[in-house]
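Spelled out, the chains give:
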Amino acid sequence: MTANMAPKMSEAFTPPYAPALTGKESFSYAMWKFMRNPIEGFGPRAYSQDITTANSLGVRLHVITAPELMHDVLSRQAEKFPKAPIDGRIFSTAMKEGLLSVEGGQWKRQRRVLAPIFRPALLSAMAPMITQSIEAFTSRIGQGAQVELREAMSDLTFDVLAKALLGNAEGVERASLHKAMQRGLDSVGTIRPDDLLPLPKGTPRPISPAGYLAIRRVKKAADTLIAQRKRHPQDDLVGLLTGATDPHSGKPLSAREQRDNLTGFFIAGHETTALTLCWALYLLGRVPTIQERVLSEVKAAYPGGAIPHDCLSNLPLTRAVIDETQRLFPPAALMGRQCAQDTQIGGRDIVKGDILTLAIYVMHRREAFWSKPKLFDPDRFLENPSLNAKGSAFMPFGGGPRICVAAGFARMEAMMALATIIRDFKVEVADNVYPRPKLTVTLRPEGGIPARLTRRN
Ligand code: HEM
């Protein structure tokens, strides 16, 4: 019997979740909930209807929670739905000219230039750096160390990107850059009352002086790195970024675009994977029977040494744990779009200027698409592979042409790290640790997650 076929002994564990509103609250109370923690701002209709429409501060807002309709917005009618102004306002401070923020022809050109960077060859080239970072992390942990999982996983994934992006960069100090990155993200990621107003595109968004300085620090580091890589070409991620050209015109990205994309890779690329790992370790710490099954699976396939980057097909249960973690705690829990041309979605009229919230968090928990959606049950992905197929109600990396450009890289890193940590350490989380999932730009455990990691022999 292989490890993933072991008898199912999962304890029924309901991880923390955002309770739906009752639907009887006043509008101002619902807005207040949304401002404090956007995933707590959805009522029962969002959990039972594919599309829900409301008027908010003079804007028509549609909440979409069904795969078919998301597909319509993100793929079939993508040209009519650029990103919502709130996305632009949040990201423009740090990466206005980066892939995450740009639209239209500029987006198409940048995607053509950048997508090949994340091709499979890069994944195998990056694997040794990921292994080094995982080894550095595991050797830092003592016999029975008490760690805070969000911070520990953020250190680990930042280290991976730092290896890939910084190399031996002179004049860039990693620890202070990591701090600046986090401070900048905290500052731009906090929703402000004016974010909900129908302000014209391009209206500047004030941020705290500390946040501003932190972002300036990150941009300066990116400029330094790019300048160094131009002087000393290398085949790492920065080298690939500065050397990449548009297959149509043969031209590279502009200096500003290169800098903003580098900043974007740092910001989008370490916190999201760190949170996937942090929540996955939390879930395995709370459900030891599943942790034991993952351990058997990994030990059978890779008894020692580095876990290879192409481990995915040999570790189906580990993969299912990552999928189930991203279902319950999608790091990018909501996506925003604005209608640029009158149309229909799900039979409903959508007019120019309307805002669409693609509520991935809610869709991942709707009873119409998932059986017992509140339970942690990775076996659902093993028993029903169609849950992971294109067009399903599982979309942690978004969809359509703007799907996460680095999904393969993120999945590889998460697999290698989770498999190594579980093979080499027993993870224990106390029964009373039940952190509220709180959405800033990403879905974090409020107050962090204390855990004990004990080395296995
Ligand atoms: C678990 C990890 C990750 C998750 C869950 C995630 C999720 C997402 C999602 C949902 C989108 C689509 C946003 C939208 O359409 O509004 C996106 C786009 C993007 N992601 Fe990721 N991401 C992850 C890791 C990464 C990493 C490691 C990088 C870079 C090193 C990255 C870079 C980007 C970029 C540049 C885009 C914009 C793509 C475009 O608009 O064409 N992401 N990501």
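Above this note sits the structure.
Residues numbered from 1 in each chain as written. Predicted model: local features only at pLDDT ≥ 70, side-chain atom pairs only at ≥ 80, totals over all residues. Heavy atoms only, no water.

*Asks:* Just to check I follow, could you spell out the pairing of strand β1 (residues 51–56) for this structure?
*Replies:* Regular strands have side chains that alternate between both faces of the sheet. For β1 and strand β2 (residues 59–64), the ladder comprises six bridges, and the chain directions are antiparallel. Its bridge partner being in β2, T53 is matched across the sheet by H62. Taken together, β1 and the strand that follows it, β2, pair antiparallel across an intervening segment of two residues, in which L57 is found at a positive phi of about 50°. (Pairing = 2+ DSSP bridges. Helix = DSSP H or I, 4+ residues; strand = E, 2+ residues; numbered from the N terminus.)

*Asks:* Teacher, can you tell me more about the sheet that holds strand β8 (residues 425–428) here?
*Replies:* Backbone-to-backbone hydrogen bonds join strands into a sheet, with any given pair of strands oriented parallel or antiparallel. Overall, antiparallel pairing links the three strands, which are arranged β3-β11-β8 in an open sheet. Every other strand in the sheet has two partners, leaving β3 (144–148) and β8 as the edge strands with one partner each. The mean angle between the axes of side-by-side strands here comes to 25°, regardless of whether they run parallel or antiparallel. Pairing analysis gives five bridges linking β3 to strand β11 (residues 450–455), with the strands arranged antiparallel. (Axes fitted to C-alpha atoms, helices over the stretch in contact; angles between N-to-C directions.)

*Asks:* I keep staring at the pattern of salt bridges and nothing clicks. Help me out?
*Replies:* Two side chains bearing opposite charge may form a pair once their charged atoms approach each other closely. For the coordinates displayed, the defined rule picks out 23 salt bridges. In this structure, a network of salt bridges that share partners links the residues K33, E40, R436 and E446. (Salt bridge = Lys/Arg side-chain N within 4 Å of Asp/Glu carboxyl O.)

*Asks:* It is not clear to me how the coordination of the iron atom of the ligand should be interpreted in this structure. Could you clarify?
*Replies:* In a perfect tetrahedron of four donors around a metal, the angles come out at 109.5 degrees. In a perfect octahedron of six, they are 90 or 180 degrees. Within the protein, just one atom coordinates the iron atom of the ligand: C404 (SG), at a distance of 2.3 Å. Examined against the element boundaries, C404 turns out to sit in the loop between α15 (379–383) and α16 (407–424). (Donors = N, O, S within 2.8 Å, 3.2 Å for Na, K, Ca; no water.)

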